[in-house]
Amino acid sequence: MQFVICNPNGRKAPVNVEQGRDIILGRDSDSCHVVVLDPGVSQRHCKLSVDGGWAWVDDLGSSNGTFVNGRKVQIAPLGDGDVIRIGASEIQVSHEDVDVLGLWESSVAPPA
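Reading the values: the criteria
- Residues numbered from 1 in each chain as written.
- Predicted model: local features only at pLDDT ≥ 70, side-chain atom pairs only at ≥ 80, totals over all residues.
- Heavy atoms only, no water.
- Pairing = 2+ DSSP bridges.
- Helix = DSSP H or I, 4+ residues; strand = E, 2+ residues; numbered from the N terminus.
- Buried < 20%, exposed > 50% of the residue type's maximum accessible area, 1.4 Å probe, protein only.
- Contact = heavy atoms within 4.5 Å.
- 1 Å grid on protein atoms, 1.4 Å probe; cavity = no way out; pocket = protein on both sides within 12 Å on 5 of 7 lines; lining within 4 Å.
- Points joined across faces, edges and corners; volume = space filled by probe spheres on them.
- Nonpolar A, V, L, I, M, F, W, Y, C, P; charged D, E, K, R; others polar.

### Description of the sheet that holds strand β6 (residues 54-59)
Strand order in the open sheet formed by five strands is β4-β3-β5-β6-β9, with mixed pairing between adjacent strands. The outermost strands of the open sheet, each flanked by one partner alone, are β4 (34-35) and β9 (75-78). In terms of strand pairing, strand β3 (residues 21-26) meets strand β5 (residues 46-51) through five bridges, oriented antiparallel. By the bridge assignment for β5, R21 is matched with V50.

Following this line, the structure appears as structure tokens:
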């Protein structure tokens, strides 16, 4: 399953989570698989998990909380199109692969 992280500056990056794997997101580069450079994100903010075709997010005791589609959660199942917010960063859930080149180009294009 693919997740697309969009930081407050509008930069986007895809993150793949394989079946049976957990991915920790946060600001601490020593203990997180994905570092999110956002002052509103805790050192170890949340965990994304995929297993048996299901995906979910767990808040890891973050200071500012983890939100799914605008609702604060401790743990929540995730579906295609759901949006997770940690700090000012958003993570979109996608069941399909994202066009990485197009994503990169759109994240660095100047505003119209």
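That shown, we press on.
### Some details on the environment of R21
In this fold, R21 is placed in strand β3. Its relative accessible area of 43% is what places R21 among the partly exposed residues. With residues up to four places along the chain from it excluded, the contact list for R21 reads L48, S49 and V50.

### Focus on the layout of surface pockets
Approximately 170 Å³ is the volume found for the largest pocket. Looking at the largest pocket, the residues that line it are I5, N7, R11, K12, A13, V15, V34, V35, V36 and L37. By residue number, the principal contributor to the lining of the largest pocket is strand β2 (residues 12-16), which donates three residues. Classifying every residue of the lining of the largest pocket by side-chain character gives seven nonpolar, one polar and two charged.

By themselves, these are just geometric observations and shouldn't be taken as functional.
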